[in-house]
Amino acid sequence: MSRAPLLLSLAALVAVLALASLLIGPAGAGPVASLKALWGGEGPLGIVLREIRAPRAVLAVMLGVSLGLSGAALQGYLRNPLAEPGLIGISAAAALGAVIAIQAGVSTLGLGVPAAGLAGALGGVGLILLLAGRGGSGLGLILGGIAVSALAGALTALVLNLSPNPFAAYDIMFWTMGSLADRSWAHVLTALPLMGLGWAVLLRAGRDLDALSLGEEAAASMGVDLGALRLKIVLGAAAAVGAATAVAGAVGFVGLVVPHLLRGAVGAMPSRLLPAAALGGAALVLTADIAVRLVMPERDLKLGVMMALVGAPVFLHLIWRTQVGK
Amino acid sequence: MSLSLRDLTVRRDGRVVVDRVSLNVSQGSFVGLIGPNGAGKTTLMRAALGLIAAEGFSDLAALPPSRRARRAAWLPQAREIAWPIPVEPLVRLGRRTDPDRRADTPAVAEAMAAMEVTHLRDRPATELSGGELARVLIARLLAQRTPLILADEPVAGLDPAHQFAVMALFQRLAGQGRTVIASIHDLTLAARFCERLVLMGAGGRIVADGPPAQVLTPERLQQVFGVGGSFLPTPSGPVFVTLPPPPSSPAPAPPDPADP
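Residues numbered from 1 in each chain as written. Chains lettered and ligands numbered in written order. Predicted model: local features only at pLDDT ≥ 70, side-chain atom pairs only at ≥ 80, totals over all residues. Heavy atoms only, no water.

(A) Inspection of the overall build of chain A at higher detail. Each helix and strand in chain A was counted, giving 14 helices and zero strands. Listing each helix as α and each strand as β along chain A from the N terminus yields α-α-α-α-α-α-α-α-α-α-α-α-α-α. For 326 residues, the compact-globule estimate of 2.2 N^0.38 gives 20 Å, and chain A sits close to it at 20 Å. Seen along its three principal axes, the alpha-carbon backbone of chain A occupies a region of about 65 × 55 × 40 Å. Counting only residues that meet the buried cut, chain A has 52% of its 326 residues in that class. Here chain A holds 19 positive side-chain charges and 13 negative ones, and the gap between their average locations is 5 Å. (Helix = DSSP H or I, 4+ residues; strand = E, 2+ residues; numbered from the N terminus. Rg over C-alpha atoms; globule rule 2.2 N^0.38 Å. Buried < 20%, exposed > 50% of the residue type's maximum accessible area, 1.4 Å probe, protein only. Lys, Arg positive; Asp, Glu negative; His and termini not counted. Charge placed at Lys NZ, Arg CZ, Asp CG, Glu CD.)

Right, here's the structure in full:
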C-alpha cells in the first residue's frame, strides 16, 4: 500500500513550506543570514526569526493540522464530503467569544481574546451536545450545529450592531477574517495543549469511522458505540477547531478542501485519510500564509481572505469534476 | 442454543411493532423469517441484536457490543457505502472485532471467494452494480466469522444464480454448525433452503413456526399474505409456488393470534 510514502512526502512538503515560511518576510534578509540568525543569532534579525516568524510558522502548522484533521473526521462521521469543521458551530461560537472580548476593549494582540474564544467554543460544545440529544445519530449533530452557528452568528452581528465604538467594530471585522500575523509563542502555548488533545481524540476515532462507512446500523452491529463515537468527534473537533479559531480567527475551506483532495490517494478509508488530511491541512495553511506575505507584502492581506479566494475556485473545480465524472 | 428471545416487544410511537415474540433457535439451523411488508421482521432482528430498545429478553442484546459483534454478524437491508473504498479493504472491515489478527487475511480471502467477488477486489465499491455490491456486503458479513448470522433480505436484488448461491451457502454454513437467520420475501427460495420458517403477521406477532410444509398452508397464506400457494412436484422435489388468491375469496382477515 502507498500509505507510508504518501505520509512521508506530505511531511516533507510541510517541512519545506515551514522553512520557506521562516525565510520570507518584510525584514528582507537572505536565506543564509536568516538561518544563521535563527540558530542563536544576536540582534534584530535573530529576534525577528525566533519571536515573530518561528511562532507564525508553528501556528500555521497547528492551524492546518487542526482544520484538516477535523474536516476529515467530520466528513467521515457524517459520511458526507461537504461536511467541514464550521458545520458543528464551534468556530462560530469561538468567534463570538473573541468578538465579545474585543468589544469589551481587550487588545487583539494579547491572550485575552484567545481565552475568550476558548470560552465561547466551550459554551458552543455544551449547547451542541444539549441540542443534538442522546444516542449517536449524525442528523442530530448537523441540526444542533446549524442551530449553534445561527445563534452565534446572530449574537456576533448583534455585538457589531450595537457597538458604540467604530474602532472596536473595525478590529472585530479584521479579527474574524483570520490571520497568523503578529502571533507569539504565547499563542502557540495557549493553543497547543487543547489542540493536541483534540488531535489525539480524533486520530483514535479512525477505526470506528471506517466501520461507519457501512452505515450507522452496520457499524453498531460490528461493535461501534455510536454515542461514544459522536462524543469523541464533537469534543475532538471542538478542542482543535475551538483553539484554532481562538488564536487565528475564522479560516475556512481548509477542512473542506483538503480531505477532498487526498481521499483518492488513501483509498478513501477514513482512518487513513485522517493523518494525510492533517499534514495536507498544514501544507495548505503554510502555503496560504506565505502567499499573503508575497502577494501584497505592504498590505495586511488576511489569511482567511486568501484561503477563501483560493479555496472557492478549487472547490468549484472539485464539484465540476465530480459532475463531469458522473 | 444460538439465539433465545423471550417476550420481546418493541413499541414505536405507542404502536406495538413487535409483539411478545419468543423464539429459540438452536445451533446449526437455517431459519427463514417470512411475513408481509410491515410485519416487523426487520424490527425483530434489530431488537434481538440490541440495536434498538425493546422490552423482554434477548440473550444477544444482553451482551456488551464488542462481544456481541464476535458472536453475531448483521447484514442490514440498506446497502450503504459512504466512500469509494475498494472491495478488499471493505470486506476487511468485518474483521475489526476479532483479536486474532493472523486470521484476517485468510478470512477475507475465503469470504470474497465464497461470494465470487475476488476478481473485484481492487474496484471501488461505489462503482459496483447493485447485485455485486450486495455480494460484497455479504462477504463482509462472512469475514466476521461469527457463529450466528442475521441477514435482512440478503438475496433481494440478486440474479437467480446468485440467489441460489447465497441460499445454498447459508444452508452449508448451517450444516457446518453455524446458525443463520434471514428475512426472505421469496417464499419459494425460503421453502426450498430453510429447514424452519418463522411467519410473522401484521401486528408483529409470530403466526406460525415450523418446517416449510407445515407453515405454508393455503389457509395461512390466504390469511397473512392474501395469496394462494401450494407445493408442486418437480423433478428436483416439491417446489413451493405462490398463486393469485381465489377470485371469490374475501380480503385478508386481520390476524388473530388466538387462531394459529
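Next, the rest of the story.
(B) Structural detail: the sheet that holds strand β7 (residues 179-183) of chain B. All names here are of chain B. Here six strands make up an open sheet; going across it, the order is β5-β6-β7-β3-β8-β9 and the pairing mixed. Looking at strand neighbours, the two that pair on one side only are β5 (72-75) and β9 (205-210), the edges of this open sheet. For this sheet the average axis-to-axis angle between neighbouring strands, irrespective of direction, equals 15°. Sheet topology places strand β8 (residues 196-201) next to β9; five bridges connect them, and they run antiparallel. Counterpart to Leu199 in the pairing with β9 is Ala208. (Pairing = 2+ DSSP bridges. Axes fitted to C-alpha atoms, helices over the stretch in contact; angles between N-to-C directions.)

(C) The interface of chain A and chain B, seen in detail. Taken together, the contacts link 24 residues of chain A with 25 residues of chain B. Taking both sides of the interface into account, the surface hidden between chain A and chain B amounts to around 2100 Å²; carbon and sulfur atoms contribute 61%. On the chain A side of the contact with chain B, Leu214, Glu217 and Met222 of chain A bury the most area, a combined 32% of that side's loss. The interface formed by chain A and chain B holds three salt bridges in total. (Contact = heavy atoms within 4.5 Å. Buried area = accessible area lost by both parts, 1.4 Å probe. Salt bridge = Lys/Arg side-chain N within 4 Å of Asp/Glu carboxyl O.)

(D) Summary view of the UniProt feature "domain: ABC transporter" (unreviewed entry) in chain B. Mapped onto the present numbering, the UniProt feature "domain: ABC transporter" (unreviewed entry) falls at residues 3-227 of chain B. When the span residues 3-227 of chain B is considered, its composition is 36% helix and 25% strand, and the gap between its end C-alpha atoms is 31 Å. (UniProt positions renumbered as here; feature names shortened; annotations may be inferred.)

(E) The arrangement of the pairing of β5 of chain B in detail. Residues and elements named next belong to chain B. Side-chain alternation along β5 places Ala72 and Trp74 on one buried face and Ala73 and Leu75 on a second face that is also buried. Pairing between β5 and strand β6 (residues 148-152): four bridges, direction parallel. If you follow Ala72 over to β6, its bridge partner there is Leu148.

(F) Fine view of the environment of Ala78 of chain B. Of note, Ala78 of chain B is situated in the loop between β5 and α3 (87-92). C-alpha of Ala78 of chain B to C-alpha of Glu153 of chain B: the two residues are 75 residues apart in sequence and 9.6 Å apart in space.

(G) Representation of the UniProt feature "transmembrane region" (unreviewed entry) in chain A within the structure. In this numbering, the UniProt entry assigns the feature "transmembrane region" (unreviewed entry) to residues 53-74, 86-106, 112-132, 139-164, 184-203, 233-261, 273-296 and 303-320 of chain A. Spanning residues 53-74 of chain A, this segment combines 100% helix with 0% strand, and its end C-alpha atoms are found 31 Å apart.

(H) Inspection of helix α9 (residues 218-225) of chain B at higher detail. Residue and element names in this part refer to chain B. Residues of α9 that are buried include every one of Arg220, Leu221, Gln222, Gln223 and Val224, and no others. Structurally, α9 contributes buried residues whose contacts are with α7 (187-193), β8, β9, α8 (212-215), β10 (228-234) and β11 (237-243). After α9 finishes, the residue Gly226 shows a positive phi value of roughly 75°.

(I) Looking closely at helix α5 (residues 130-143) of chain B. End to end, α5 of chain B covers 20 Å across 14 residues, agreeing with the expected 20 Å (1.5 Å per residue, within 8%). Turning to α5 of chain B, its buried residues number three or more, namely Gly131, Leu133, Ala134, Arg135, Val136, Leu137, Ile138, Ala139, Arg140, Leu141, Leu142 and Ala143 of chain B. Check the buried side of α5 of chain B and you find it contacts α10 (216-221) of chain A together with β5, α3, α4 (104-114), β6 and α6 (160-175) of chain B. Count one or two residues on from α5 of chain B and you reach Arg145 of chain B, which has phi positive near 50°. (Expected span 1.5 Å × (residues − 1).)

(J) Seen up close, the environment of Leu137 of chain B. Its place among the elements puts Leu137 of chain B in helix α5. Under the relative-accessibility criterion, Leu137 of chain B is labelled buried at 7%. In this structure, Leu137 of chain B is in contact with Leu214 of chain A together with Leu75, Arg79 and Leu90 of chain B, ignoring residues within four places of it in sequence.

(K) View of the sheet that holds strand β1 (residues 3-12) of chain B. All names here are of chain B. The strand order across the open sheet built from three strands is β2-β1-β4, with neighbouring strands paired in antiparallel fashion. Looking at which strands have only one partner, the edges of the open sheet turn out to be β2 (15-25) and β4 (55-58). Averaged over neighbouring strand pairs, the angle between their axes works out to 15° when direction is ignored. Relative to β2, β1 is paired through seven bridges, and the arrangement is antiparallel. Directly across from Ser4, in β2, lies its bridge partner Asn24. Strands in contact with helix α1 (residues 41-49) are β1, β2 and β4; relative to β1, the strand with the most contacts, it is inclined by about 115°.

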